[in-house]
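Remarks on the overall topology
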Amino acid sequence: MIYIYFLAAIAVVVVAERVPSVGAKRALYAALGAALLLAPLVDRNDSDYNVLADAGVFVLLALGLNIVVGFAGLLDLGYAAFFAIGAYTYGMLASPQFGIHLPFWVLLFVAAALAALFGIILGAPTLRLHGDYLAIVTLGFGEIVPQIFQNLTAYTGGPNGISALDFPSFFGHSFGQRALPYYYVTLALIALGLALARNLRESRLGRAWMAIREDELAARHMGINTTLVKLSAFALGASFSGLGGVVFAAKLSLVSPDLFQFQVSVLIVSMLVLGGMGNIPGVVVGSLVLTLVNSVVLPQANALASAVGLHVDFSSYHFFIYGAILVGIMLFKPEGLLPSVQRREELRHATAPQDVRA
Amino acid sequence: MHEFLAQLINGISLGSIYALIALGYTMVYGIIGLINFAHGDVYTLGSFFSLAILGLLGATGELHGPALVIDAGLALFGAALLCGIAGVLIERLAYRRLRNAPRLAPLITAIGVSFILENAMQVWKGPSPVPFPAILPNPAVTVAGVAISLQQFVVVGLAIATMLALQLFVHGTRVGRAMRATAQDRDAAQLMGIDINKTIAITFLIGSALAGVAGFVSGVYYQSTWFFNGFGAGLKAFTAAVLGGIGNLAGAMLGGFLIGIVESFATWLLGGQWSNVAVFAILILALVFRPSGLLGETLPEKV
């Protein structure tokens, strides 16, 4: 059953991006949206919504990272740090940890703002760097943040993290243990994120991002304030991750430092690379495919293997899958599986060595 | 004061391992401008290979006399050779096609290779740390009231000997000159009749072999290894290469020793859980404020 959601969503996006008529495209997306909203009338299996809500969080993260990596061309290898900041915001301000119990809805805004702030704090010193050095600095930041959360035991619960977080409530109705309310929250946030990402891309700021992605020097000489433009990419990208962090923490009712390791950052980069960096539908498809593999296919492959007496733990092959995606796509289809037309042309004809930075 | 000296010696031993790994980063970056993210995992591969060779030789405990020289020597050179081959294969299969691609493409590929290697090693030896036989007899020598173990002498001695050999090779042989020429200007070097592909392959061979040596040394020193060791060690060694001035061999060695000393003092003064934070903070500060490193020269931005 769970496969239907993923495959249908992926199929709709892929088909909609191929149809020439704008009307048909809109109709397809509207149908997908309606189907996702109404699905709980038919399917009452809460565990499906558990998987889907997780998938939704990752779609949100991928949309945010896409602003930084895909639009502005700043490879961020420490994106999980902002996810951690969002999650710990909820963990510390809506739990018995300090006896503070702020509402979920308020904390969504607080976390998005805090993550954006840290995006600026990280971004400011790195403005002079580009390309691979920038990537390594963000990686260092991504390593430091969870380590600090782990070390400040008095505030964050150390390696065990913080548990028994508050259940969010909606007009007095507690979410409780069910996954369904989180599913609707992630749907709403994705809708918001999609609208935001799309409008940003078409805006003056979005065009400035793409200009610095293609050639920072030229962009600066055309009068673009590269400082402001880069910082806004870091801030906006990070804010998505802050939102995702709050939903993730609330749903799990737990935060701990090991949830935000380097692998999470690479997982999200893999989603972008797989779908096509910079192209919103591609990024959504990339994140859906990888969550499907991670949380549905691999566990089922395990069950299947043990049923036929085969002793293979497929869930220990996550690293291999991410690695194979990164290498395979970069070697054979660097624009990703579902690229924008423009990007495909750029990458296919990028022959000048050194000075074109993707 | 005792504790200070002891930590300094600790840091130098640790630093010699980082220095060996940093050399590979710096050589590859110097010649093709790639942060070879998988290099740290080649280092772990080195400790796994030496472990496997020692296993084949039946060396499970302390060795003495000729057995020590032969077994340890075989493990050392075997690991270096196998890692060198692995490095050449990685370059051939994953990086060569992308030599003229947009700059981030090879870096992303290198991260992918790193994950594949980590997964392979996890499947090979399991997800937990693996014990490494304590093959060295371990009498300690007391110098000025500080105990220095034989292992520490061997670790530092091997590292320094390898680095000297590398310096001689790069500055004294024809192949070394080809490497320097290729690093300086690949097109011009090619026009002068240098086989670029061969030279780059040799760079990967040597850099990865050094990582193999570091892998053996770390196994002997820590008596344990783990499939995920290469991530942290690789990042620290990269920090060392940047700190020293990337592309600069002497800088990589200097940076390696400095990072080792910083880590050991941070562990002593702030506690082990802060040592990584300290090292990565140095990485960020070095990249932001002095990206050319301590010994590197500032190059104008290529447009």
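Keep in mind it's a predicted model, so treat the numbers as computed, not measured.

The helix and strand tally for chain A stands at 15 helices and 6 strands. Projected onto its principal axes, the C-alpha positions of chain A cover 55 × 45 × 45 Å. In chain A, which comprises 358 residues, the share counted as buried stands at 50%.

Time to look at the overall build of chain B. In terms of regular secondary structure, chain B is built from 11 helices and 4 strands. In terms of overall size, chain B behaves like a compact globule, its C-alpha atoms giving a radius of gyration of 19 Å where 303 residues would be expected to give roughly 19 Å. Principal-axis analysis of the C-alpha atoms places the extent of chain B at approximately 55 × 45 × 40 Å. Here chain B holds 303 residues, and the buried ones make up 54% of them. Sequence separation of at least 24 residues holds for 78% of the intrachain contacts in chain B that already meet a minimum separation of 6.

Attention now moves to the pairing of strand β3 (residues 146-149) of chain B. Looking along a regular strand, one sees the side chains alternate between the two faces of the sheet. Bridge analysis of strand β2 (residues 140-143) of chain B against β3(B) gives 4 bridges, and the strand direction is antiparallel. Paired with B:Thr142 across the bridge in β3(B) is B:Ala147.

Residue and element names in this part refer to chain B. Between helix α1 (residues 2-32) and helix α2 (residues 39-57), the least distance of the axes is 10 Å, while the angle of their chain directions is 140°. One way to sum up the angle between α1 and α2 is to call them oblique. Pair α1 / α2 crosses with right-handed handedness. Each of Ile21, Gly24 and Tyr25 in α1 lies in contact with α2, whose residues at this interface are His39, Gly40 and Tyr43. Taken together, the residues of the contact of α1 with α2 break down into 3 nonpolar, 3 polar and no charged.

On the chain A side, the residues contacting the 38 residues of chain B number 42 residues. For the side of chain B that touches chain A, the secondary structure elements donating two or more residues are α4 (104-125), α9 (229-244) and α11 (275-289) of chain B. When residues of the side of chain B that touches chain A are assigned to their parent elements, the largest contribution, 14 residues, is made by α4(B). Of the residues belonging to the side of chain B that touches chain A, the class tally is 27 nonpolar, 7 polar and 4 charged.

So, on to the confidence of the model for chain A. Residues with a pLDDT of 70 or more make up 95% of chain A, whose mean pLDDT is 87. Confidence drops under a pLDDT of 50 for residues 351-358 of chain A, and excluding neighbours within four residues, the segment shows 18 contacts in the predicted structure.

Here we come to the environment of A:Ile2. All names here are of chain A. Topologically, Ile2 is positioned in helix α1 (residues 2-18). Distance in space between the C-alpha atoms of Ile2 and Tyr29 is 20 Å, their sequence separation being 27 residues. With near-sequence residues (within four places) excluded, Ile2 lies in contact with Asp48, Val51 and Val296.

Attention now goes to the environment of A:Phe83. Looking at the secondary structure, you find A:Phe83 in helix α4 (residues 80-93). As a C-alpha pair, A:Phe83 and A:Gly323 span 240 residues in sequence and 22 Å in three-dimensional space.

All names here are of chain A. An ideal rise of 1.5 Å per residue puts 38 Å on 26 residues; helix α3 (residues 46-71) measures up with 36 Å between its terminal C-alpha atoms. Along α3, the sharpest kink reaches roughly 35°, centred on Leu65. Taking burial as the measure, the 26 residues of α3 include 21 buried ones, the bulk of the element. With its phi angle positive at about 70°, Gly73 sits one or two positions after the end of α3.

On to the packing of α4(A) against helix α11 (residues 226-252) of chain A, then. Residues and elements named next belong to chain A. Where α4 contacts α11, the two axes come as close as 7 Å, and the packing angle between them is 45°. Classified by the angle between their axes, α4 and α11 sit oblique to one another. For the element pair α4 and α11, the recorded crossing hand is right-handed. Side by side, α4 and α11 meet where Phe82, Phe83, Ala84, Ile85, Gly86, Ala87, Thr89, Tyr90 and Gly91 of the first sit next to Ala238, Ser241, Gly242, Leu243, Gly244, Gly245, Val246, Phe248, Ala249 and Ala250 of the second. Of the residues that constitute the contact of α4 with α11, the class distribution is 12 nonpolar, 7 polar and no charged.

All names here are of chain A. Under the domain assignment, chain A is made up of domain 1 (1-44) and domain 2 (49-348). At the interface, 11 residues of domain 1 touch 12 residues of domain 2. When residues of the side of domain 1 that touches domain 2 are traced back to their parent elements, those giving at least two are α1 and α2 (22-42). Ranked by residue count, the leading element in the side of domain 1 that touches domain 2 is α1, at 9 residues. A breakdown of the residues in the side of domain 1 that touches domain 2 according to their chemical character gives 10 nonpolar, no polar and 1 charged.

What follows is about the confidence of the model for chain B. All names here are of chain B. Overall, the prediction assigns chain B a mean pLDDT of 89, with 98% of residues at 70 or greater. Between the elements of chain B, mean pLDDT differs from a low of 77, seen in β2, to a high of 95, seen in α2. As scored by the predictor, the complex reaches a pTM of 0.90 and an ipTM of 0.87.

All names here are of chain A. Topologically, Phe167 is positioned in the loop between β3 (162-163) and β4 (169-170). Note on Phe167: 16 C-beta atoms within 10 Å, which makes it partly exposed. It is 9.8 Å that separates the C-alpha atoms of Phe167 and Leu252, two residues lying 85 residues apart in sequence.

For residues besides glycine, phi is generally negative; the peptide bonds are generally trans as well. Even without being glycine, A:Ala164 reaches a positive phi, approximately 55°. The residue B:Gln223 is not glycine, and still its phi comes out positive at about 55°.

We now examine the nonpolar core. With 216 residues, the main nonpolar core has B:Ala19 and B:Ile21 as its most contacted residues. With sequence-adjacent residues up to four places away left out, B:Ala19 is seen in contact with B:Ala159, B:Met163, B:Ala240, B:Ala252, B:Met253, B:Gly256 and B:Phe257.

Between its terminal C-alpha atoms α11(A) stretches 39 Å, which fits the 39 Å expected from 27 residues at 1.5 Å a residue. In the stretch just after α11(A), A:Ser253 is the one whose phi turns positive, near 60°.

What counts, and at which threshold
- Residues numbered from 1 in each chain as written.
- Chains lettered and ligands numbered in written order.
- Predicted model: local features only at pLDDT ≥ 70, side-chain atom pairs only at ≥ 80, totals over all residues.
- Helix = DSSP H or I, 4+ residues; strand = E, 2+ residues; numbered from the N terminus.
- Buried ≥ 20, exposed ≤ 12 C-beta atoms within 10 Å, placed from the backbone.
- Rg over C-alpha atoms; globule rule 2.2 N^0.38 Å.
- Contact = placed C-beta atoms within 7 Å.
- Pairing = 2+ DSSP bridges.
- Axes fitted to C-alpha atoms, helices over the stretch in contact; angles between N-to-C directions.
- Parallel < 35°, antiparallel > 145°, perpendicular 65-115°, else oblique.
- Left-handed = near helix turned anticlockwise from the far one by under 90°.
- Nonpolar A, V, L, I, M, F, W, Y, C, P; charged D, E, K, R; others polar.
- pLDDT = per-residue confidence, 0-100.
- Expected span 1.5 Å × (residues − 1).
- Bend = angle between axes of the 7 residues up to and from the residue.
- Domains from an automatic or database assignment.
- Core = buried A, V, L, I, M, F, W, Y, C linked by C-beta atoms within 7 Å.

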